[in-house]
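Observations on the model geometry
One-letter residues, chain by chain:
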Amino acid sequence: MKRNLSDFSGERIEPNEKFNDLKNRAESIKASTDEKTKKEVNNLYNKYKSYSEQDLTNEFLTTAKNKLQNGELTRDKLQNTIATLSPFLNDAQKAYLNDLIRKIDD
């Protein structure tokens, strides 16, 4: 006789060992990734915390130009990033972002 979903109401279905193992590995990967991300953010903060706005702008432009040249960054990726950020920016910030993008092409 076939059982339908309502036949299982009130029953507790225990996850099997394989599921528990996968769940534990996923949680371990997430924890190590979170820790790596925290370290990376701290390293970047420490690297750039003393930079002026001009220094940061120059670093951004240099990095963006290099990544465009070596193929790590494409115009499509750049446009997608702009499209993603734009709704969260005010008019002055949008103008600044557009100015930065124009400078990449200089």
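The text that follows walks through the structure, step by step, so that each part is easy to find. (Residues numbered from 1 in each chain as written. Predicted model: local features only at pLDDT ≥ 70, side-chain atom pairs only at ≥ 80, totals over all residues. Heavy atoms only, no water.)

**Brief notes about the overall build of the protein**
Of regular secondary structure, the protein possesses 4 helices and 0 strands. From first element to last, N terminus to C terminus, the protein shows the α and β order α-α-α-α. Counting over 106 residues, the protein shows a buried share of 9%. Intrachain contacts of the protein at a sequence separation of at least 6 include 52% that bridge at least 24 residues. Surface summary for the protein: the accessible area is close to 9300 Å², and the carbon and sulfur share equals 53%. (Helix = DSSP H or I, 4+ residues; strand = E, 2+ residues; numbered from the N terminus. Buried < 20%, exposed > 50% of the residue type's maximum accessible area, 1.4 Å probe, protein only. Contact = heavy atoms within 4.5 Å. Areas by Shrake-Rupley, 256 points an atom, 1.4 Å probe, with all protein chains shown as cover.)

**Describing the packing of helix α2 (residues 53-70) against helix α4 (residues 91-105)**
For the pair α2 and α4, interaxial distance at closest approach is 9 Å and the crossing angle is 50 degrees. Classified by the angle between their axes, α2 and α4 sit oblique to one another. Seen along the crossing, α2 lies across α4 with a hand that is right-handed. Residues Glu53, Thr57, Phe60, Leu61, Ala64, Lys65 and Leu68 of α2 touch α4, and the partners they reach there are Tyr96, Leu100, Lys103 and Ile104. Here the residues of the contact of α2 with α4 are counted per class, giving 7 nonpolar, 1 polar and 3 charged. (Axes fitted to C-alpha atoms, helices over the stretch in contact; angles between N-to-C directions. Parallel < 35°, antiparallel > 145°, perpendicular 65-115°, else oblique. Left-handed = near helix turned anticlockwise from the far one by under 90°. Nonpolar A, V, L, I, M, F, W, Y, C, P; charged D, E, K, R; others polar.)

**Quick word on α2**
With 18 residues, α2 should reach 26 Å at 1.5 Å per residue; the first-to-last C-alpha distance of 26 Å fits that figure. Burial in α2 covers these residues: Thr57, Leu61 and Ala64. Around the axis of α2, the buried residues are gathered within 70 degrees of arc, so they sit on the same side. Looking at the buried side of α2, the elements it contacts are α4. One or two steps after α2, the chain reaches Gly71, where phi turns positive at roughly 90 degrees. (Expected span 1.5 Å × (residues − 1). Arc of directions from axis to C-beta.)

**Focus on the packing of aromatic side chains**
Applying the stated rule across the entire model yields 1 aromatic pair. Considering the side-chain rings of Tyr48 and Tyr51, the 5.0 Å spacing of their centres and the 85 degrees angle between planes classify their relative orientation as edge-to-face. The class of Tyr48 is partly exposed, set by a relative accessible area of 22%. According to the relative accessible area criterion, Tyr51 is partly exposed, its value standing at 29%. (Phe/Tyr/Trp six-rings, centres within 6.5 Å; stacked < 30°, edge-to-face > 60°.)

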